[in-house]
Amino acid sequence: MRVLFRIAYRNLREHQTKTLIIGSIIALGMLVLVVGNSVLDTATAGIETSYTQNFTGDIIIAAEGVETPGLTIDSAFTAEGATPIIPDFDETVAYLTGYDGVSAVNPLILGIASAQIEGTGFGIVQLYGVDPERYQTFFPDNIRLLEGSFLTPEQDGAIVLSTASLEMLEETAARNIGVGDRILVTAQNEITGTKIRELEIAGIFEFIAEAQTLQLVSFISLTDIRILNGMTAQVSDAVIAAADFSSDEDSLFGGGGLLGDTTAAAGTSDDLFGGGLVEAVETSDSEIDFESILGDTSQRDLLGQTDESAWNYILLRLDNPDQAERMVAELNREFSAGGMELVAFEWIDGAGTVAQLTNTLKIVFNWLIVVVAVVAVIIIMNTLVISVTERIPEIGTMRAIGARRNFVRRMIVAETLMIAVVFGSVGILAGMGVTGILGATGIESSNQVLQIFMGGPVLSPVVSTTSVVQSFAAVVLVGIFASLYPASIALGIQPVTAMNQN
Amino acid sequence: MAIVTLSDVHKVYPLGKTEVHAVQGVSFDIEEGDFISIAGPSGSGKSTILNMIGCIDTPTEGSVTIDGTVTNDLNDNEITTLRHKVLGFIFQSFNLVPVLNVYENIEFPLLLGKSIPAKAERKEWIEYIVGEVGLDRWMNHKPNELSGGQRQRVAIARALATKPRIVLADEPTANLDSKTGEQIIELMKQVNTDLGTTFIFSTHDHTIVEIADHVIRLQDGKVIKNERRSSSDESEAIGAGSGTTADRAGE
Ligand SMILES: Nc1ncnc2c1ncn2[C@@H]1O[C@H](COP(=O)(O)OP(=O)(O)O)[C@@H](O)[C@H]1O
Ligand SMILES: [Mg+2]
């Protein structure tokens, strides 16, 4: 078989210019493929580590009916309706804690609210209601406290404010705000309507990992988030009854009453930040609900009692994060088999559109490469067809003196594969080199959109093994595909053509 | 038994809407060890007949038997194997592989078979035939560094590489000057004597025909003379199947 490669090699050398042109196309394609995929793989891996280690865990469990776990501000805004509550919370936690492959469990309540201080200023806060001990065990060092302290267990009426929300509030209120200050947090929920809580700032923090979509997250004590979200004891079981309350409110205030239209359907940011509400209700009370205005105190007592087993999500950390995809499928099978009204998601589903964009970008990039590969195949194929046509008498002679069809096929494939593999390897090596240089210097960007795709302000790409293996496979496929048609022409060459020469 | 037998062979080529009856009922036998010339003017059907003997073309009618095998119904791989084992080819335009040097061109057919001889064995044999054709000092040269006569010597050596029993040569001298052409035919005759290889060559050159000890003369796709000469230069006509033998025997 060495003769095949000898002939292939010498034919390539004989037609140097042609070989170099085709080779450069292949090499360049492979270079772009390796660099592009290495950069994207590094970005994706960075985003994955950043999200799973700091915000999402490896798997997110929600109540049945949740379509996307809205852990980020973008998904919080786009989410429709209230996030359902995990059923049979204690049993569920026990089940998941004991689940094979799960190393840690962390429940979470999510909310979104506006913040004011002393009747002025305006800030948006995305609220994470957490069990302080569990949370800090689950995410041991994901935040940096700049002032004050984190929430403590059993603490009420406290908020640990993000720097981004704090800055927004300070700017609009035109004053310095710090630990010990009390802010007014207003949220709307579909069950009990608008709720306002006065909270003391226990601490000010920022996430260590850069994540634009989590800048506005603040931690809030559990009782308060449950009140803001309407997760009260009776309501958890009787959503319909609560829905009746809101329609009562609507009819009560519908005629241009006390609160204008701010109690209309909750959840839209326009309503939420309409601004009229807080001024209208002057209070120093920590909780305002409309039942008190109605004078129906029995209802207030009931609703005031929060449901301590009401949670929106349970985050899971796995022994082996690579198993996440498999375990999500397994969990979902077991949930439906066991009649548990739960649903499991991979971390990426809760990471919001931004993290998913990088994945999308990778898919788009690889489709682009497919298009380029098709063009490359056509160019190589065309050139080979010409070279086969030029060699009809030569191939005919080989057939006449005893070369089988298979030999001719292998000769053509050897030629294409040789050019593809040699120049492809050069391109891959060059791509590894370029990636190495980029990795050493780091790609920096101050552009926020770019930073999102890069997973941070500086991206130091690392050559990914998959990108090298995939590129090599791609170049071999390109070689094989490009040789199919020319080989079929060569196979059609009859031995008699050796004779028809003058 | 004859090594090549043609019986009532016809070959019809389609030519636009009409047909060309290139070979019209040709029958003859070739004995092993013969040095045969297929002679005749251009267009008389020499190439067509050689191609059918060489199993690179098939008769429209009649049969070609090579070394006891009727070739008509063999598939492509069987035919290729037969060509590789039994036949050697010398072409009018030499048809060497341009990227291979003299040694590699001669070695090439040896690498195509199912069982490839060991490298040392190949080397010994190739050096022997290169010596036979007188190209010892040109082994590492590429075809384009050789003269036409030298190239045809390489082609002869290549045709002999697999030790075939029959070597076919369609107008091997047509692209050479007459002196070189004669040398080539003499070389072929030499190999025929030394190795006992059957040579079948076509030519329209009278002087070259003289060297053959068996001449089959064609005209318009028919055998007009089938003549075996003894070494003492007596001529002897052999009955040709088509019955057209003696028409122009006195030419
Ligand atoms: N492939 C072909 N298609 C059509 N006609 C052909 C073909 N090959 C040969 N012929 C015709 O067959 C006849 C015999 O040709 P050929 O065997 O080449 O003669 P020679 O070799 O004696 O010159 C000629 O008339 C030639 O034109
Ligand atoms: Mg001819």
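Quick note: structure is the one above.
Not measured: the values here are computed from a predicted model. (Residues numbered from 1 in each chain as written. Chains lettered and ligands numbered in written order. Predicted model: local features only at pLDDT ≥ 70, side-chain atom pairs only at ≥ 80, totals over all residues. Heavy atoms only, no water.)

Novice: Sorry, what's going on with the packing of helix 2 (residues 16–56) of chain A against helix 18 (residues 405–441) of chain A here?
Specialist: Packed helices, taken two at a time, are described by their axes: the angle between them and the distance between them. All names here are of chain A. Between helix 2 and helix 18, whose axes approach to 7 Å, the crossing angle comes to 40 degrees. When the axes of helix 2 and helix 18 are compared, the pair comes out oblique. For the pair helix 2 and helix 18, the sense of crossing is right-handed. Across from Thr-19, Leu-20, Ile-22, Gly-23, Ser-24, Ile-26, Ala-27, Met-30, Leu-31, Val-34, Val-35 and Ser-38 in helix 2, the residues of helix 18 making contact are Ile-419, Ala-420, Phe-423, Gly-424, Gly-427, Ile-428, Ala-430, Gly-431, Met-432, Val-434, Thr-435 and Leu-438. Here the residues of the contact of helix 2 with helix 18 are counted per class, giving 16 nonpolar, 8 polar and no charged. (Axes fitted to C-alpha atoms, helices over the stretch in contact; angles between N-to-C directions. Helix = DSSP H or I, 4+ residues; strand = E, 2+ residues; numbered from the N terminus. Parallel < 35°, antiparallel > 145°, perpendicular 65-115°, else oblique. Left-handed = near helix turned anticlockwise from the far one by under 90°. Contact = heavy atoms within 4.5 Å. Nonpolar A, V, L, I, M, F, W, Y, C, P; charged D, E, K, R; others polar.)

Novice: What is the right way to read helix 17 (residues 392–400) of chain A from this model?
Specialist: The periodicity of an α-helix, 3.6 residues per turn, causes residues three or four positions apart to be oriented the same way. Residue and element names in this part refer to chain A. With 7 of 9 residues buried, helix 17 lies mostly within the body of the structure. Where helix 17 is concerned, the buried positions are Glu-394, Ile-395, Gly-396, Thr-397, Met-398, Arg-399 and Ala-400. Just downstream of helix 17 lies Gly-402, where phi reads positive at about 120 degrees. (Buried < 20%, exposed > 50% of the residue type's maximum accessible area, 1.4 Å probe, protein only.)

Novice: I would appreciate a short explanation of the pairing of strand 3 (residues 120–130) of chain A in the present structure.
Specialist: Residues in a regular strand point their side chains to alternate faces of the sheet. All names here are of chain A. Most of strand 3 is tucked away, with 9 of its 11 residues classed as buried. Note that strand 2 (residues 102–117) and strand 3 share 9 bridges and pair antiparallel. Looking at strand 3, one finds that Ile-117 is bridged to Thr-120. Hairpin connection, strand 2 to strand 3: the antiparallel pair is bridged by 2 residues, and Glu-118 has positive phi, about 50 degrees. Sheet analysis places strand 3 next to strand 8 (residues 217–220), joined by 4 bridges and oriented parallel. Following the sheet pairing, Gln-126 is matched in strand 8 by Val-217. (Pairing = 2+ DSSP bridges.)

Novice: I keep staring at the packing of aromatic side chains and nothing clicks. Help me out?
Specialist: Any aromatic ring pair is given by two values, namely how distant the centres are and how the planes are angled relative to each other. Taken as a whole and assessed by the stated rule, the structure comprises 19 aromatic pairs over all chains. Ring centres of Phe407(A) and Phe108(B) lie 5.7 Å apart, and the angle between their planes is 75 degrees; on these two criteria the pair is classed as edge-to-face. Of the two residues, Phe407(A) is situated in helix 18 and Phe108(B) in the loop between helix 3 (102–107) and helix 4 (119–132); the pairing between them involves two chains. Each residue in the set Tyr51(A), Phe55(A), Tyr128(A), Tyr135(A), Phe138(A), Phe139(A), Phe150(A), Phe205(A), Phe207(A), Phe219(A) and Trp347(A) is aromatic and connected to the rest through ring pairs, giving one cluster. Against the face of Phe138(A) rests Arg317(A), its NZ or CZ located 4.5 Å from the ring centre. The ring of Trp125(B) has Lys163(B) sitting right over it, with the charged end atom 4.7 Å from the ring centre. (Phe/Tyr/Trp six-rings, centres within 6.5 Å; stacked < 30°, edge-to-face > 60°. Lys NZ or Arg CZ within 6 Å of the ring centre and 35° of its normal.)

Novice: In this structure, what is going on with the interface of chain A and chain B? I would like to understand it.
Specialist: Many descriptions give the size of an interface as the accessible area lost when the pieces come together. Between chain A and chain B, the contact holds 24 residues from the first and 27 residues from the second. At the boundary of chain A with chain B, total buried surface from both sides reaches about 2,500 Å², with 58% on carbon and sulfur atoms. Of all residues in chain A, Ile401(A), Arg404(A) and Met499(A) bury the most surface against chain B, accounting for 28% of the area lost on that side. Across the contact surface, chain A and chain B share 5 salt bridges. A salt bridge links Glu104(B) to Arg10(A), with the shortest nitrogen-to-oxygen separation between them at 2.5 Å. If you look at where chain A meets chain B, you find 8 residue pairs in polar contact (both at pLDDT 80 or more). (Buried area = accessible area lost by both parts, 1.4 Å probe. Salt bridge = Lys/Arg side-chain N within 4 Å of Asp/Glu carboxyl O. Polar contact = N/O pair within 3.5 Å; in protein donor to acceptor, adjacent residues only side chain to side chain.)

Novice: Which parts of the structure should I look at to understand the site of ligand 1?
Specialist: All names here are of chain B. The local shell around ligand 1 consists of Tyr-13, Val-20, Ala-22, Pro-41, Ser-42, Gly-43, Ser-44, Gly-45, Lys-46, Ser-47 and Thr-48. Within the contact set of ligand 1, an oxygen atom lies 2.9 Å away from a backbone nitrogen or oxygen of Lys-46. In this structure, an oxygen atom belonging to ligand 1 sits 2.5 Å away from a side-chain N or O atom of Thr-48. If ligand 1 stood free it would expose 550 Å²; the protein chains cover 64% of that surface. Those elements giving two or more residues to the shell around ligand 1 turn out to be strand 2 (18–30) and helix 1 (46–53). Looking at the shell around ligand 1 element by element, the count peaks at 3 residues for helix 1. A breakdown of the residues in the shell around ligand 1 according to their chemical character gives 4 nonpolar, 6 polar and 1 charged. (Near = heavy atom within 4 Å. Areas by Shrake-Rupley, 256 points an atom, 1.4 Å probe, with all protein chains shown as cover.)

Novice: Explanation requested: a nonpolar patch on the surface in the structure shown.
Specialist: All names here are of chain A. Residues Ile-21, Ile-25, Val-371, Val-375 and Ile-379 make up a contiguous nonpolar surface patch of about 400 Å² in total accessible area. Counting residues per element, the ones that place at least two in the nonpolar patch are helix 2 and helix 16 (352–390). Ranked by residue count, the leading element in the nonpolar patch is helix 16, at 3 residues. As for its placement among the helices and strands, Ile-379 is situated in helix 16. (Patch = residues over 30% accessible without salt bridge, like charges linked within 9 Å, V, L, I, M, F, W, Y side chains within 5 Å.)

Novice: What should I look at first to understand unusual backbone geometry in this one?
Specialist: Most peptide bonds take the trans configuration, and most residues that are not glycine carry a negative phi. Residue and element names in this part refer to chain B. At Cys-55, a position not held by glycine, the phi torsion is positive, near 60 degrees. Secondary-structure assignment places Cys-55 in the loop between helix 1 and strand 4 (61–66). Not every positive phi belongs to a glycine, and Asn-95 is a case in point at roughly 50 degrees. Looking at where Asn-95 falls in the secondary structure, it is placed in the loop between strand 6 (87–90) and helix 3. Look at Asn-95 and you get buried, because its relative accessible area is 7%.

Novice: Please clarify how helix 1 of chain B should be interpreted in this entry.
Specialist: Residue and element names in this part refer to chain B. Taking burial as the measure, the 8 residues of helix 1 include 7 buried ones, the bulk of the element. Of the positions making up helix 1, those classed as buried are Lys-46, Thr-48, Ile-49, Leu-50, Asn-51, Met-52 and Ile-53. After helix 1 finishes, the residue Cys-55 shows a positive phi value of roughly 60 degrees.

Novice: In this structure, what is going on with the nonpolar core? I would like to understand it.
Specialist: Within soluble globular proteins, side chains that are nonpolar tend to cluster in buried spots. Grouped together as the largest cluster of nonpolar side chains are 55 residues, with contacts concentrated most on Phe28(B), Ile49(B), Ile53(B) and Ile200(B). With near-sequence residues (within four places) excluded, Phe28(B) lies in contact with Val4(B), Thr5(B), Leu6(B), Ile38(B), Ile49(B), Ile53(B), Ile216(B), Val223(B) and Asn226(B). Core analysis: the next-biggest nonpolar cluster, separate from the first, contains 44 residues, Ile159(A), Ile183(A), Ala187(A) and Ala324(A) among them. (Core = buried A, V, L, I, M, F, W, Y, C linked by side-chain atoms within 4.5 Å.)

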